[in-house]
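This is what each chain is made of:
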Amino acid sequence: MTGKILVTGATGNTCSGLIPALRGAGVDVRALVREEANAQSLREIGVEVVIGDLDQPETIAPAVEDVDKIYLLTWNGPTQAKQAKDVIAAAKNAGNPHIVRHSMWGSEKSRIVQQGDEVEETLKSSGLPWTILRPTFYMQNTMMAAQTIASDGMLYWDTGDGKLGMIDVRDIQDSAFAVLTGSGHEGRSYILTGPEAISMHDVADTFSKVLGKDVTYVNVPHEASLESMVNMGFPEWIARGYGELMEGFSEGFANSTTDNVEKLTGHPPRSFEQFARDFAQVYGG
Ligand SMILES: NC(=O)c1ccc[n+]([C@@H]2O[C@H](COP(=O)([O-])OP(=O)(O)OC[C@H]3O[C@@H](n4cnc5c(N)ncnc54)[C@H](OP(=O)(O)O)[C@@H]3O)[C@@H](O)[C@H]2O)c1
């Protein structure tokens, strides 16, 4: 029985696709959103909306009341661990929901991953039923470089020659859907990757092929990347966390793949070429 599912992070990369898929399958969904402005489109597809802010713990209790499962996704910022731990505590107070944690697979050098690991440990020792999804670097992250790829055919990134088993967010959504609506996933942790480990040189080559023009990868020093992220408006804590993640990737942290997406969903994960074809217009194609 799937029951009622609370989804956090409803407006973000993953859950903006996961929620319509759940509703399409007739699943009862409650979403926690911060802004009333984001509620209407969810209500239109039959989602029950609770307005709340995970940085305000008093708003969490009404969201976790009477749910059977929680898709627990939090932001990348410095309060990530506290937010998730507060949800776990409130959930325990409210009953015995199965928590499916949207975690991450990256180097422990990164403050973001350190917080993610802390949440995983808290969840595992909470006494609640749990499943952990550990996706690695999203293919969709390359959209941050879309402007220079479109204008000059340049891909600036800071993963050196490191290869990553990067994953299309649509495969994370499909995996989350399978775990939330299926059975036998309690007490299991799944590292989620794409079909192959590729470097940013490979990414640039694929864009060249798909867009029909030369795209060149230039490795940027981490400090320069940090400065440009801060200039783009990223809080420094998060920009440093990303930098630490990219350092791990350049050292080969995610130079491997798993078959978990296929095992969970019944279909192979999408390749980078498939991703690039489907989103070519974002990159000026
Ligand atoms: N990017 C990657 O390569 C990658 C890879 C693996 C794992 N991850 C992990 O995935 C998670 C992010 O997932 P995502 O990319 O699907 O989400 P996302 O696009 O980063 O969106 C974050 C979501 O969290 C919500 N949110 C932020 N602060 C909140 C608060 N104080 N209270 C309630 N909601 C809040 C946002 O809502 P608003 O619309 O109100 O801002 C939004 O819905 C992070 O934990 C990250 O570490 C990322």
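No experiment lies behind these values; they were computed from the predicted model shown.

Student: Where do I start with the overall build of the chain in this structure?
Tutor: Check the secondary structure of the chain and you find 12 helices and 9 strands. Taking 285 residues into account, the globule formula puts the C-alpha radius of gyration at 19 Å, and the chain, at 19 Å, falls close to it. Seen through its C-alpha atoms, the chain measures out along the principal axes to roughly 55 × 35 × 35 Å. Residue burial in the chain is summarised as follows: out of 285 residues, 52% are buried. Contacts in the chain between residues far apart in sequence, at least 24 positions, make up 76% of those at least 6 positions apart. Looking at the chain as shown, the accessible area adds up to about 12300 Å², and 47% of this sits on carbon and sulfur atoms.

Student: So what exactly am I meant to see when it comes to unusual backbone geometry here?
Tutor: Excluding glycine, residues mostly carry a negative phi; peptide bonds, for their part, are mostly trans. With a phi angle near 60°, D66 is a residue other than glycine that sits in the positive phi range. Positionally, D66 belongs in the loop between helix 3 (61–64) and strand 4 (69–72).

Student: Would you explain the sheet that holds strand 4 in this entry?
Tutor: Sheets are built from strands paired through backbone hydrogen bonds, the pairs being either parallel or antiparallel. Overall, parallel pairing links the 7 strands, which are arranged 3-2-1-4-5-6-8 in an open sheet. Single-partner strands in this sheet number two, and they are strand 3 (48–51) and strand 8 (188–192). Strand-to-strand twist across the sheet, computed as the mean angle between neighbouring axes with direction ignored, equals 15°. Two strands pair when backbone bridges link them, and strand 4 and strand 5 (residues 98–102) are joined in this way by 4 bridges, in the parallel orientation. Paired with K69 across the bridge in strand 5 is H98. Seen against the sheet, helix 1 (residues 15–24) touches strand 1 (4–7), strand 2 (28–33) and strand 4 and runs at an angle of roughly 155° to strand 2.

Student: Where do I start with the confidence of the model for the chain in this structure?
Tutor: A low pLDDT score tells you not to read the predicted coordinates there in detail. For the chain, per-residue confidence averages 97 on the pLDDT scale, and residues scoring 70 or more make up 100% of the total. For the chain, per-element mean pLDDT is lowest for helix 9 (residues 222–231), which scores 94, and highest for helix 7 (residues 169–181), which scores 99.

Student: Explain the side chain of D53 to me, please; I cannot follow it from the model alone.
Tutor: Position of D53 relative to the elements: it lies in the loop between strand 3 and helix 3. Salt bridges are absent for the buried D53, whose nearest opposite-charge side chain, R34, sits at 4.4 Å. Separated by 2.8 Å, the side chain of D53 and the backbone nitrogen of D55 make a polar contact.

Student: Sorry if this is basic, but what is going on with the packing of aromatic side chains here?
Tutor: Each aromatic ring pair is summarised here by two numbers: the centre-to-centre distance and the angle between the ring planes. This structure, assessed with the given rule, holds 9 aromatic pairs. Between F137 and W157 the ring centres are 5.8 Å apart and the planes differ by 75°, which places this aromatic pair in the edge-to-face class. On the criterion of sequence distance, the pair formed by F137 in the loop between strand 6 (130–135) and helix 6 (146–152) and W157 in strand 7 (residues 154–157) is long-range, its members being 20 residues apart. The residues F137 and W157 share a single accessibility class, namely buried. Aromatic pair F275 and F279: ring centres 5.1 Å apart, planes at 40°, arrangement tilted. Since its relative accessible area comes to 21%, F279 is described here as partly exposed. Among the aromatic residues, ring-to-ring pairing joins F207, F272, F275, F279 and Y283 into one connected group. Just above the ring of W237 sits the side chain of R111; from NZ or CZ to the centre is 5.6 Å.

So, how was this worked out
Residues numbered from 1 in each chain as written. Predicted model: local features only at pLDDT ≥ 70, side-chain atom pairs only at ≥ 80, totals over all residues. Heavy atoms only, no water. Helix = DSSP H or I, 4+ residues; strand = E, 2+ residues; numbered from the N terminus. Rg over C-alpha atoms; globule rule 2.2 N^0.38 Å. Buried < 20%, exposed > 50% of the residue type's maximum accessible area, 1.4 Å probe, protein only. Contact = heavy atoms within 4.5 Å. Areas by Shrake-Rupley, 256 points an atom, 1.4 Å probe, with all protein chains shown as cover. Pairing = 2+ DSSP bridges. Axes fitted to C-alpha atoms, helices over the stretch in contact; angles between N-to-C directions. pLDDT = per-residue confidence, 0-100. Lys, Arg positive; Asp, Glu negative; His and termini not counted. Salt bridge = Lys/Arg side-chain N within 4 Å of Asp/Glu carboxyl O. Polar contact = N/O pair within 3.5 Å; in protein donor to acceptor, adjacent residues only side chain to side chain. Phe/Tyr/Trp six-rings, centres within 6.5 Å; stacked < 30°, edge-to-face > 60°. Lys NZ or Arg CZ within 6 Å of the ring centre and 35° of its normal.

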